[in-house]
Amino acid sequence: MLLNKNRIFKNLLGLKIIVFLCVALITTLVIFKDFILKSEQEDYHYKLVREWTLPDELNEISGMIHLDKNRMICIQDEDGYLFIYNFKSKSIDQKIKFGPGGDYESITKVNDTIYVLRSDGKLFEIKNAFKNIDVNTYQSNYSSRYNFEGLSFDSVQNRLFIAPKYKLK
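Report follows, based on the coordinates. Note that this is a predicted model, so its numbers are computed, not measured.

### Considering the nonpolar core
Soluble globular proteins: nonpolar side chains tend toward being buried together.
(1) Moving on: Ile 73, Leu 82, Phe 98, Ile 107, Ile 114, Val 116 and Ile 126 are the most contacted members of the largest nonpolar core, which has 15 residues in total.
(2) Moving on: Of all the secondary structure elements, the ones that give two or more residues to this core are strand S1 (61-68), strand S2 (71-76), strand S3 (81-86), strand S5 (104-110), strand S6 (113-118) and strand S7 (122-127).
(3) Moving on: With near-sequence residues (within four places) excluded, Ile 73 lies in contact with Gly 63, Met 64, Ile 65, Leu 67, Leu 82, Phe 83, Ile 84, Ile 107, Ile 114 and Phe 130.

Next comes the structure, spelled out in structure tokens:
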């Protein structure tokens, strides 16, 4: 009787080991299938449709957004100006002063309001940019700790996202 129990135990143990090895093998194959099959990640093929050479004044663009079909709004890295660049005429239509010189990093548009982020975390809210400009500024509570770089708008939750590039020492 004891001999049968030992044999059954050894058979069950062997079966458990085989099941474990099969599960481990399948898991490994699933995790490393792209590497094993040498398949590449999604290939993106971009086709350059049009190219513009911007004026020297826009040499240091740090942010841009489309205004409409033929124009974009951009900010130059060091000046407190919005530049309206016209794709058709290949020139600057308008230059709008919104703030002092600084290290401007990113821009986004929410309806008729334009937001510009400076690297120190100061956010410029620009209303009526094209007539009777109204600018409000907001300072981040984290401005002394981070170097800010990114700004975008979440239309689903109706909020701005501000992203730091790195943490200051």
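Next comes the rest of the description.
### Some points on the sheet that holds S5
The strands making up a sheet associate through hydrogen bonds between their backbones, and the pairing can be parallel or antiparallel.
(1) Moving on: Across the sheet, 4 strands lie side by side as S5-S6-S7-S8; this open sheet has antiparallel pairing. With partners counted over all chains shown, the strands left at the sheet margins are S5 and strand S8 (134-139), one partner each. Neighbour-to-neighbour, the strand axes of the sheet open up by a mean angle of 20 degrees, direction not taken into account.
(2) Moving on: Of the strand pairs in this sheet, S6 and S7 are connected by 5 bridges, and their pairing is antiparallel.

### Let's talk about a negative patch on the surface
(1) Moving on: Among the surface-exposed residues, Glu 60, Glu 78, Asp 79 and Asp 103 lie close enough to one another that they form a single negatively charged patch.
(2) Moving on: Within the secondary structure, Asp 103 is located in the loop between strand S4 (91-97) and S5.
(3) Moving on: When its relative accessible area of 33% is taken as the criterion, Asp 103 is described as partly exposed.

Basis of the calculations
Residues numbered from 1 in each chain as written. Predicted model: local features only at pLDDT ≥ 70, side-chain atom pairs only at ≥ 80, totals over all residues. Heavy atoms only, no water. Core = buried A, V, L, I, M, F, W, Y, C linked by side-chain atoms within 4.5 Å. Buried < 20%, exposed > 50% of the residue type's maximum accessible area, 1.4 Å probe, protein only. Helix = DSSP H or I, 4+ residues; strand = E, 2+ residues; numbered from the N terminus. Contact = heavy atoms within 4.5 Å. Pairing = 2+ DSSP bridges. Axes fitted to C-alpha atoms, helices over the stretch in contact; angles between N-to-C directions. Patch = residues over 30% accessible without salt bridge, like charges linked within 9 Å, V, L, I, M, F, W, Y side chains within 5 Å. Areas by Shrake-Rupley, 256 points an atom, 1.4 Å probe, with all protein chains shown as cover. Salt bridge = Lys/Arg side-chain N within 4 Å of Asp/Glu carboxyl O. Lys, Arg positive; Asp, Glu negative; His and termini not counted. Charge placed at Lys NZ, Arg CZ, Asp CG, Glu CD.

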